[in-house]
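Architecture and fold: a report
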Amino acid sequence: MNPQRGQYLNKAAVLSPLGAARLSQLALGCSVVAMVTHSAGYSGGSYGVFCMAVWCACFTVTTVVFFLDATHLHACLPVSWDNLTVAFAALATLMYVTASVVYPVYFVTAECPYAGCEVRNFRIAVTVCSIAATLAYGAEVILSRAKPGRVVGYMATVSGLLKVVQGFVACIIFGALGNGSEYTRHAATIFCVAVYAACFAMTTVVVILTVSGRTGCLKLPFDRFVVVYTLLAVLLYLSASVVWPVFCFDKKYGSPERPSSCPRGRCPWDSKVVVAVFSFVNLTLYIADLVYSQRIRFITQQPRV
């Protein structure tokens, strides 16, 4: 009799807090997609399509993650499984937060729409389930993150999780830039866009190297690379956070107040404000990342002393 028989399935994928979190994600994600498809609806512009895309994508990837974890097939993949799953859980949390805010703002009203109260009630239920799924993904991040005395992958550390948030915030900035921000008017604002793109590209490279387990391909220690890159990103974002508001809101180059004739939803001034605000947000995230990256470097070097 084969002693390995009966061990092909991973019981911990179900009978563990992490497994319970993923099962909750699947149940809530399936409920959201089913209710939106059945009656709640998502038509009405790009916002509804975005929310539906988030829910479908997260449900699909979660299904694949759960299946691979339950069958141990993830061992056949050329990736760092722990880094991949915690990175996805962090990204899914942020995406679900966005969808849980956008959907009720544009689709839930206090009064019953022309289609009747049933549609409104379904949309309220969608919002509740989406918020609950956000908590489920957040629970996975908490369960997977680094703890004292526990060896985990880089993406489970505070610095690794901040990389995911930085990339997400950069995507918000790019969305605002593409929504009529008029950044091509000045060379200085073009420089800011180059800063956002360069930092986003490097952050993406760090995440890809970590998830793929290829950090050893670098010619210098990974912890030193992260610290040097993060310091450079702090300096670049600091310059962009100063230059962008000056060339967008100073009277000499732009308008310090919102024009009264500016259309809602397609106002260049609004897009410029979004870029300015989230530039400071990402600057703060990179500063925090620098502090924690230096701490990780100190801990990894401490045993050599």
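Residues numbered from 1 in each chain as written. Predicted model: local features only at pLDDT ≥ 70, side-chain atom pairs only at ≥ 80, totals over all residues. Heavy atoms only, no water.

1. With respect to the UniProt feature "transmembrane region" (unreviewed entry) in the protein chain
According to UniProt, the "transmembrane region" (unreviewed entry) feature falls on residues 47-68, 80-102, 122-139, 151-176, 188-213, 225-247 and 273-292. Helix makes up 100% of residues 225-247 and strand 0%, with an end-to-end C-alpha separation of 33 Å. (UniProt positions renumbered as here; feature names shortened; annotations may be inferred. Helix = DSSP H or I, 4+ residues; strand = E, 2+ residues; numbered from the N terminus.)

2. Some remarks on the packing of helix H5 (residues 158-177) against helix H7 (residues 222-249)
The N-to-C vectors of H5 and H7 enclose an angle of 30°; their axes lie 14 Å apart at closest approach. Viewed along their axes, H5 and H7 adopt a mutual orientation that is roughly parallel. The element H5 and its partner H7 pack so that their crossing is left-handed. From H5, Ser159, Lys163, Ala170, Ile173 and Leu177 reach across to H7, where they touch Val226, Tyr229, Thr230, Tyr237 and Trp244. Its residues assigned to classes, the contact of H5 with H7 comprises 7 nonpolar, 2 polar and 1 charged. (Axes fitted to C-alpha atoms, helices over the stretch in contact; angles between N-to-C directions. Parallel < 35°, antiparallel > 145°, perpendicular 65-115°, else oblique. Left-handed = near helix turned anticlockwise from the far one by under 90°. Contact = heavy atoms within 4.5 Å. Nonpolar A, V, L, I, M, F, W, Y, C, P; charged D, E, K, R; others polar.)

3. What to know about the pattern of salt bridges
In the structure shown here, the tally under the stated rule is 3 salt bridges. As a salt-bridge pair, Asp289 and Lys163 come within 2.5 Å of each other at their nearest N and O atoms. Placement of Asp289 in helix H8 (residues 268-301) and of Lys163 in helix H5 is noted, with a sequence separation of 126 residues between them. Counted as one network, the salt bridges with shared partners bring together Arg22, Asp69 and Glu140. (Salt bridge = Lys/Arg side-chain N within 4 Å of Asp/Glu carboxyl O.)

4. Focus: the side chain of Asn83
Along the chain, the position of Asn83 falls in helix H3 (residues 81-107). Within the structure, the side chain of Asn83 is placed 2.8 Å from the side chain of Ser80, a separation counted as a polar contact. Ignoring sequence-local partners within four residues, the contact set of Asn83 consists of Gly153, Tyr154, Met155, Ala156, Thr210 and Val211. (Polar contact = N/O pair within 3.5 Å; in protein donor to acceptor, adjacent residues only side chain to side chain.)

5. Here's the deal with the nonpolar core
Tyr196, Tyr237 and Trp244 are the most contacted members of the largest nonpolar core, which totals 45 residues. For this core, the secondary-structure elements that each account for two or more residues are H3, H5, helix H6 (187-211), H7 and H8. No other element matches the 11 residues that H7 contributes to this core. If we ignore the near neighbours within four places in the chain, the residues touching Tyr196 are Ile173, Phe174, Leu177, Tyr237, Ala240, Trp244, Val275 and Ser279. Counting 21 residues, the second largest nonpolar core, distinct from the first, contains Val54, Trp55, Ala99 and Val102. (Core = buried A, V, L, I, M, F, W, Y, C linked by side-chain atoms within 4.5 Å. Buried < 20%, exposed > 50% of the residue type's maximum accessible area, 1.4 Å probe, protein only.)

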